[in-house]
Amino acid sequence: RERMARLTKAIAELPETDRHVVVLYFHEQLFLKEIGTVLGVTESRVSQILTRATERLRLKMKEQE
């Protein structure tokens, strides 16, 4: 429960684009191509953003421990 609260806080602190991609991918369960269509970018760019966001979340969670 505490971990979920930390994760929610970490997601809220992400830059807007990163947060949007994370929500669309993990919560809405859209494919990268679908997210690219929503954001007007390529599937490859969505992959890059998702990788960056995941790494940022990993670091934030580690800092909060």
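In the structure shown here, the tally under the stated rule is one aromatic pair. With centroids separated by 4.9 Å and ring planes inclined at 90 degrees, the aromatic side chains of Y25 and F26 adopt a geometry described as edge-to-face.

Right, let's get into the confidence of the model for the chain. Residues of the chain with pLDDT of at least 70 account for 100%, and the chain-wide mean is 95. Across the chain, the secondary-structure element scoring lowest on mean pLDDT is helix 1 (residues 2-12), at 92, and the one scoring highest is helix 3 (residues 32-39), at 98.

What follows covers helix 4 (residues 43-64). Working note: α-helix, 3.6 residues per turn, so residues spaced by three or four point in the same direction. With 22 residues, helix 4 should cover 32 Å at 1.5 Å per step; its first-to-last C-alpha distance of 31 Å lies within 8% of that length. Every buried residue belonging to helix 4 is among V46, I49, L50, A53, L57 and M61, and all of these are buried. Along the long axis of helix 4, the arc covered by the buried residues comes to 105 degrees, so they all point the same way. Set apart from the buried face of helix 4 by more than 90 degrees, the exposed residues are T51, R58, K62 and E63.

The residue R6 is located in helix 1 in this model. Classification of R6 as buried rests on a relative accessible area of 17%. Once you skip the residues sitting within four places of it in the chain, R6 turns out to touch M61, Q64 and E65.

Rules used in this analysis
Residues numbered from 1 in each chain as written. Predicted model: local features only at pLDDT ≥ 70, side-chain atom pairs only at ≥ 80, totals over all residues. Heavy atoms only, no water. Phe/Tyr/Trp six-rings, centres within 6.5 Å; stacked < 30°, edge-to-face > 60°. pLDDT = per-residue confidence, 0-100. Helix = DSSP H or I, 4+ residues; strand = E, 2+ residues; numbered from the N terminus. Expected span 1.5 Å × (residues − 1). Buried < 20%, exposed > 50% of the residue type's maximum accessible area, 1.4 Å probe, protein only. Arc of directions from axis to C-beta. Contact = heavy atoms within 4.5 Å.

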